Every structure is written in C-alpha cells, then in structure tokens.
Amino acid sequence: MGGTGLRAGLTMLLLSLDLVGTFVFAISGATLGVRHRLDLFGVLVLSFCAATAGGITRDVLIGATPPAALESWHYLAVACIAGLVTFFRSRDIERLKNPVQMFDAAGLALFAVSGASKALAFGLSPIMAVLLGMLSGIGGGIVRDVLVAQTPVVLRSDLYAVAAAAGAGAVVIGHQLGVPAAPSMLVGALLCFWLRFMAVRRGWSLPLPPSS
Amino acid sequence: MGGTGLRAGLTMLLLSLDLVGTFVFAISGATLGVRHRLDLFGVLVLSFCAATAGGITRDVLIGATPPAALESWHYLAVACIAGLVTFFRSRDIERLKNPVQMFDAAGLALFAVSGASKALAFGLSPIMAVLLGMLSGIGGGIVRDVLVAQTPVVLRSDLYAVAAAAGAGAVVIGHQLGVPAAPSMLVGALLCFWLRFMAVRRGWSLPLPPSS
Amino acid sequence: MGGTGLRAGLTMLLLSLDLVGTFVFAISGATLGVRHRLDLFGVLVLSFCAATAGGITRDVLIGATPPAALESWHYLAVACIAGLVTFFRSRDIERLKNPVQMFDAAGLALFAVSGASKALAFGLSPIMAVLLGMLSGIGGGIVRDVLVAQTPVVLRSDLYAVAAAAGAGAVVIGHQLGVPAAPSMLVGALLCFWLRFMAVRRGWSLPLPPSS
C-alpha cells in the first residue's frame, strides 16, 4: 500500500468502477422508464435516480450534504448518457441483458463497499455502517421502482440486498479487526459480487412467508 | 420530579415505551409485507421502515443527523425481531389484532409526543413542532404503504393523524405555558391514545369530500 | 437596483409570488386528493406536500435545515387554506381550470428560479444549481403523485420539467456571466412561464421512446 503510484492507480480504479456502476444502474432505471412509456425527461430522471438515490440518501442520513452525487457533474453526465442510449436503443440494451447483469452486480458490490466505508468514516456504529452500505447499493433501485408505482423488486426476490449487506459487512468486520481498508474492501466487493452472481445463475433466493 | 430515582425510572419508562412502539409499528410493517408476499428481506425492510421512517424523516428535517434510529442498534434489533416473528407466525399475529391495535395507539401517542418535544428542543416554532410530532407518529406508516405502492392508509381514514397532532399539540401548548415537560407529555400521550382508541372503537372519522 | 424602496418592493413581490405559487400548487395536491376520495386530513397533506416538498427536498439536499417551508407558518397556512377551499368547493375549482393552469405556470417559474438562486448561494456548481432549481419546481408534484400511488405526471408528459430547467438555467447562466440577480431571475421566470404556457396551449411535448 506504500507507493504513491499504487495509491493513485487504486483511486483511479475506484473512480472508474464508481462511474461504471453509475452507468449500469442508470441503464436499469432508463429501461424501466422506457417500459412504462415515460417521455425523454422521465427516462432521464429514472436513470439518475436509479444511479444515485442510494448514495444521496446515505449522505443525507449521515449529514454529508450536499451529497457527493450532486457535487460533481460526472454522475449526472454518466447517468444522462446511459439514459439517452437506452431511450433510443432500448432493443439493443435488452439484448445485452447478461452483460448488464454482470455490470449491475459489480456496481452493487462497489456501492455497498464504498457506502459502508463512508459511513464508518462518518463515525457510525458497525451495524449501522452495514445498513447504510446496503442502502447505498439498493436505494437507487427502490426509488426507481416507487417512481413508477411498483413495489421495489429488491423487496421481492433473490439475494440482491443480502449480497449488498454481506459486502458491506466484510468491510465493517475488517475495520473492526484493524485490517487496512483496501484488502477488506476487495474481499467485501468480491463476496457481494459472488453472492449476486450465484443468485442470478443458480436462482438462490430468500424464503417467502409460509403460505397460510 | 426532584428525585434522581424518579427521573431514572421515568427515563427507563420512556425508553421501554419507545421500544414497545417500535416493536408494534414494526409488526404493522411486517404484516403488510407478508400480505404482499415479499421475501424475508422485504418483510424486514418494511418492519424497520414502518417503525423508524417517521423519526428518521423528522431528524433529517431538523438537521439532527445521523438520526437517532440509526445511532443505536436497539431500534434495528427490535424491528428485526418483530419482523421475524411476524414472518414465521403471521397467523398468530393476525389473531392478536386487538392487543396490537392498543399497542399501536400507545406507540403513536409516544412517538407524537416525543417527536414534538424533540422539534421544540431544536428550536422549531410551535406550529412546526406540532407538524413534526405528527410526522414522527405517522411517517413510518406512510413510507410503509408507499413501498408496496398503496395510498397510505393514514391519508384515507379515521383519526389516526389527528390523534397524533392532538398529542403533539398538547406538548407544544404546555411548553408555551411554561408547564414542565413531563406532565404535558403525559397529557399529550393520554389525549392521543384516547382519541385513537375512540376512533377504533366508535368509528370516529374525518369527513370525506362532498360527493359531486 | 439602488433604491431601498425598489428593493423592498421587489422583496414583497417575490414573497407574494411565492405564496401565490404555494397556493396554486396546494390546489393541485388537494384536487388530486379529492379525486382519490381521501379524507380531510389526507387532502390537507397532499396540499402541503404538493406545495412544499420540492423546496423541502432541495433544502435537505443542500444542508439548509430546517427547511424554509418549515421555519415560517405562512406556507402551512396558505397550503391549508387552499386545501380547505378545494375540499369543500372542488367543483368550482375544476371550473377554474384555465386560470389555475396559468398560476401553476407562474408558481413553477418562481420556484425554479428561486430554487436555483438558493442552490448557487449555498455554493453548488452551476449544473447542480440547475438540477436543484428544477427539483424545487417539480418535486412537489412528484411527491403528490407518489402518495396516491401514481407514476408522477411530470415524468410522463409535456414540457413541465424542461420549462423549470430552462428557467433555472437562465439564472445560472446569468450568475456565471456576472449579471445582477434580479434581471436574470426575471428572464428565467419569463422563459419558464412562456415554455410552460406554450406546452399547455400548443401541446408542445418531449418525444416518447421509439415504439418497439
């Protein structure tokens, strides 16, 4: 972890992943907007909300205002590009479903891990850092679905939120044990990605309520 | 109000009531989640939101971040226990409808009264303290219902919100008149509980729009 | 811009317009509440949310807590009066559709322009000031529609949000060019009003997704 070059490279990698995650989450929002026949503006709003609402909510809750996603124009620009591409090429995007799911899992892993780190840095307790890391990962999808008057998908199925919580949990446990941030974030991200990947491929999911 | 023992007892009582209110509100969220066939995670999210979203929104609005419900793990733990119990035993819970309604009224009374006190402590004007006390009581139910794409029950029927506003109002009036906090909170809580109780038992409700 | 009298007059004008905007937005919320057969309280909540949620969200995001709409009782009072009038006289209100649309366009213009100014004053970047100005204008309508479990109208149709963004944009461009605040706010407001007026009269709208 010593070399400045290594650190700069890591920072660059994290920023790139952050923007990739933003792009992919924005595609999920735009796709839903197109399906609901929103106009161009509505599609862009869903793109931006899906990509940033999780992090914005986290920042508002920990008192880090204005939220990071509103301080730099990168997130808005990336979300709008994703929205425009989806608006005009939604068929091509639908065909790319598998790669998009992979990127989505990567975005989820990154958002959960970086969200947990930020909550720890703002002095929240370990349990709440896990909660806020998870929220950073899933909040965008919740707002996206509420805006088209749907029960959020994440409350219904698969290991989406659990994967985010596991990734955030690894970061927090590492922090409690005094492990440096980089390796525990890496482990957390890989764990989240792996769980999400298995949920998609193998259909792993949580139990439904016992039928009455 | 002088003795330390009395004060310690009062604090303990308030904390207990706060956790009881959290538990009962969480049950209302979990019950709705089970009815909508959410998975285990979704049911727990609805439990936590129903129990804490009112207080969290209040804290964000008055600038008290991070919100109290995210600073201690007690609320999360209590909400999750209520969610788990409801998930696996929803039939038994449905049978307990009457006691749950009583506890719900108690939770509402407590949240409204403590929410109004907190808003006053943060320097909000009397009218806004009433509004925020009411919001502390009803906010969780609103978020709970929006998450399953329903118009919030509290906007539709009975004296739920009015009872919360009356309880919060009593606290604020007491504060304006210089009455010590404890008795005016007690009066406010009893007033709220009584109104809610009568609404349930006697079907008291607000007028609907004149039919056109 | 020099005279104190002129400035006092301008402040008075802005405050009046702000309250007019609040009144008209509140009518839109109350009308929707009456249509959905909410009770009196529900109608008042929709009035207040439609009138203030945009500004409140903006203030929470930029860290200006408690939000302006909760610091003075004027907004609450105006929203409640609008809600009561609509509740008891919804037929008369429906007949006034055309004037209401004009006032609504004026409210939108004012909220967008004042929202962008406030975001600039809190040090947000130009692009984000446009975004927050737009949000100040359209946020109330979004919350109003989500509360009755509808996809927000503003995501579906006409130039509503685009008009708000254009008005906010004019303010921000003026600020970047060093133009005094008053004239650029005037130009922004007129631009927003004109675009919205044309959208209503001529049916100007944004493209829908290419049908697949």
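Residues numbered from 1 in each chain as written. Chains lettered and ligands numbered in written order. Predicted model: local features only at pLDDT ≥ 70, side-chain atom pairs only at ≥ 80, totals over all residues. Heavy atoms only, no water.

Digging into the overall build of chain A
So, point 1. When its secondary structure is counted, chain A shows 9 helices and 0 strands.
So, point 2. Reading the secondary structure of chain A in the N-to-C direction produces α-α-α-α-α-α-α-α-α.
So, point 3. Expressed along its principal axes, the backbone C-alpha trace of chain A runs to roughly 50 × 50 × 30 Å.
So, point 4. Taking the contacts inside chain A whose residues are at least 6 apart along the sequence as the reference set, 74% of them involve residues at least 24 apart.
So, point 5. For chain A, the separation between the mean place of its 14 positive charges and that of its 9 negative charges on side chains is 7 Å. (Helix = DSSP H or I, 4+ residues; strand = E, 2+ residues; numbered from the N terminus. Contact = heavy atoms within 4.5 Å. Lys, Arg positive; Asp, Glu negative; His and termini not counted. Charge placed at Lys NZ, Arg CZ, Asp CG, Glu CD.)

Considering the UniProt feature "domain: Glycine transporter" (unreviewed entry) in chain A
So, point 1. Per the UniProt entry, the sites bearing "domain: Glycine transporter" (unreviewed entry) are residues 17–88 and 102–175 of chain A in this numbering.
So, point 2. Taken end to end, residues 17–88 of chain A comprises 86% helix and 0% strand; its first and last C-alpha atoms sit 25 Å apart. (UniProt positions renumbered as here; feature names shortened; annotations may be inferred.)

Brief notes about the nonpolar core
So, point 1. Among the nonpolar cores identified, the biggest contains 189 residues, and Phe41 and Ile138 of chain A, Phe41 and Ile138 of chain B together with Phe41 and Ile138 of chain C are the most heavily contacted of them.
So, point 2. Among residues more than four places away in sequence, those in contact with Ile138 of chain A are Leu108, Val154, Tyr160, Ala161 and Ala164 of chain A together with Phe41 of chain B. (Core = buried A, V, L, I, M, F, W, Y, C linked by side-chain atoms within 4.5 Å. Buried < 20%, exposed > 50% of the residue type's maximum accessible area, 1.4 Å probe, protein only.)

Topic: the relation of the copies chain A and chain B
So, point 1. For the match of chain A to chain B, the screw axis carries a shift of 0.0 Å, the RMSD comes to 0.0 Å, and the turn is 120 degrees. Interpreted geometrically, this transformation is the action of a three-fold axis. Closest approach to the rotation axis among the C-alpha atoms of chain A is made by Ala149 of chain A, whose C-alpha sits 3.1 Å away.
So, point 2. Comparing contact sets, just 10% of the residues at the interface of chain A also lie at the interface in chain B, consistent with a heterologous contact between different surfaces. (Least-squares fit on C-alpha atoms with pLDDT ≥ 70 in both.)

Describing unusual backbone geometry
So, point 1. Here Thr65 of chain A and Pro66 of chain A are connected by a cis peptide whose omega angle stands at -10 degrees.
So, point 2. By the element assignment, Pro66 of chain A lies in the loop between α2 (40–62) and α3 (68–71).
So, point 3. In this structure, Arg37 of chain A takes a positive phi of about 60 degrees despite not being glycine.
So, point 4. Topologically, Arg37 of chain A is positioned in the loop between α1 (4–35) and α2.
So, point 5. Of the residues examined, Arg37 of chain A reaches a relative accessible area of 38% and is grouped as partly exposed.
So, point 6. Despite not being glycine, Ala149 of chain C has its phi angle at roughly 60 degrees, a positive value.
So, point 7. Its location among the elements puts Ala149 of chain C in the loop between α7 (126–147) and α8 (160–177).

Some thoughts on helix α8 (residues 160–177) of chain A
All names here are of chain A.
So, point 1. The end-to-end C-alpha distance of α8 is 26 Å, a good match for the 26 Å that 18 residues give at a rise of 1.5 Å each.
So, point 2. Taken together, the buried positions of α8 are Tyr160, Ala161, Ala163, Ala164, Gly167, Ala168, Gly169, Ala170, Val171, Val172 and Gly174.
So, point 3. Positive phi appears at Gly178, one or two residues downstream of α8, with a value of about 80 degrees. (Expected span 1.5 Å × (residues − 1).)

Regarding the relation of the copies chain A and chain C
So, point 1. Laying chain A over chain C is done by rotating through 120 degrees and shifting 0.0 Å along the axis; what remains is an RMSD of 0.0 Å.
So, point 2. Interface overlap between copies is the fraction of interface residues in one copy that are interface residues in the other; for chain A against chain C it is only 11%, indicating separate surfaces.

What about a nonpolar patch on the surface?
So, point 1. A cluster of nonpolar residues, Ile173, Leu177 and Val179 of chain A, forms a patch on the protein surface that exposes about 300 Å² of accessible area.
So, point 2. Turning to its location among the elements, Ile173 of chain A is positioned in helix α8. (Patch = residues over 30% accessible without salt bridge, like charges linked within 9 Å, V, L, I, M, F, W, Y side chains within 5 Å. Areas by Shrake-Rupley, 256 points an atom, 1.4 Å probe, with all protein chains shown as cover. Salt bridge = Lys/Arg side-chain N within 4 Å of Asp/Glu carboxyl O.)

Digging into the interface of chain A and chain C
So, point 1. Counting residues at the interface gives 28 residues for chain A, matched by 30 residues for chain C.
So, point 2. Interface area for chain A against chain C, summed over the two sides, is near 2400 Å², with a carbon-plus-sulfur share of 73%.
So, point 3. Inspection of the region where chain A meets chain C yields 0 salt bridges.
So, point 4. Our count for the contact surface shared by chain A and chain C stands at 1 residue pair in polar contact (both at pLDDT 80 or more).
So, point 5. Elements that contribute at least two residues to the side of chain A that touches chain C include exactly α2, α3, α4 (73–88) and α7 (126–147) of chain A. (Buried area = accessible area lost by both parts, 1.4 Å probe. Polar contact = N/O pair within 3.5 Å; in protein donor to acceptor, adjacent residues only side chain to side chain.)

As for helix α9 (residues 181–202) of chain C
Residue and element names in this part refer to chain C.
So, point 1. Taking 1.5 Å per residue, 22 residues should reach 32 Å; α9 reaches 31 Å between its end C-alpha atoms and fits that length.
So, point 2. Considered for burial, the residues of α9 that qualify are Ser184, Met185, Gly188, Cys192, Leu195, Arg196, Met198 and Ala199.
So, point 3. Positive phi appears at Gly203, one or two residues downstream of α9, with a value of about 75 degrees.

A closer look at the interface of chain A and chain B
So, point 1. Contact residues are listed per partner, giving 30 residues for chain A and 28 residues for chain B.
So, point 2. Taken over both partners, the interface formed by chain A and chain B buries close to 2400 Å², and the fraction arising from carbon and sulfur atoms is 73%.
So, point 3. Counting the surface chain A buries against chain B, the share from its top three residues, Leu61, Leu155 and Pro209 of chain A, is 26%.
So, point 4. Across the contact surface, chain A and chain B share 0 salt bridges.
So, point 5. Those elements giving two or more residues to the side of chain A that touches chain B turn out to be α2 and α7 of chain A.
So, point 6. When residues in the side of chain A that touches chain B are grouped by element, the largest group, 8 residues, is from α7 of chain A.

Let's talk about the environment of Leu191 of chain A
So, point 1. As for its placement among the helices and strands, Leu191 of chain A is situated in helix α9 (residues 181–202).
So, point 2. It is 20 Å that separates the C-alpha atoms of Leu191 of chain A and Asn98 of chain A, two residues lying 93 residues apart in sequence.

So, the confidence of the model for chain A
So, point 1. Averaged over all residues, the pLDDT of chain A is 86; the fraction at 70 or higher stands at 94%.
So, point 2. Mean pLDDT across the elements of chain A ranges from a minimum in helix α5 (residues 90–95) of chain A, with 77, to a maximum in α8 of chain A, with 93. (pLDDT = per-residue confidence, 0-100.)

Some details on the pattern of salt bridges
So, point 1. Enumeration according to the criterion identifies 9 salt bridges over all chains in this entry.
So, point 2. Residues Asp59 of chain A and Lys118 of chain A are paired through a salt bridge, measuring 3.1 Å at the closest nitrogen-oxygen approach. Taken together, the residues span a long stretch of sequence, with Asp59 of chain A in helix α2 and Lys118 of chain A in helix α6 (residues 97–121) at a distance of 59 residues.
So, point 3. Residue classification places Asp59 of chain A among the buried residues on the basis of a relative accessible area of 0%.
So, point 4. Arg144 of chain B is the salt-bridge partner of Asp145 of chain B, the closest N and O atoms lying 2.9 Å from each other.

So, the environment of Leu61 of chain A
So, point 1. Relative to the helices and strands, Leu61 of chain A resides in helix α2.
So, point 2. Between the C-alpha atoms of Leu61 of chain A and Ala119 of chain A, which are 58 residues apart in sequence, the distance is 9.6 Å.
So, point 3. Residues within four places of Leu61 of chain A in sequence aside, it is in contact with Leu132 and Leu135 of chain A together with Ile56, Val60, Thr65, Pro66, Pro67 and Leu70 of chain B.

A word on the packing of helix α8 (residues 160–177) of chain B against helix α9 (residues 181–202) of chain B
Residue and element names in this part refer to chain B.
So, point 1. Running from N to C, α8 and α9 cross one another at 165 degrees; their axes reach a closest spacing of 8 Å. Classified by the angle their axes make, α8 and α9 are roughly antiparallel. Between α8 and α9 lies a crossing whose hand is right-handed. Residue-level contacts link Tyr160, Ala163, Ala164, Ala166, Gly167, Ala170, Val171 and Gly174 of α8 to Ser184, Met185, Gly188, Leu191, Cys192, Leu195 and Arg196 of α9. (Axes fitted to C-alpha atoms, helices over the stretch in contact; angles between N-to-C directions. Parallel < 35°, antiparallel > 145°, perpendicular 65-115°, else oblique. Left-handed = near helix turned anticlockwise from the far one by under 90°.)

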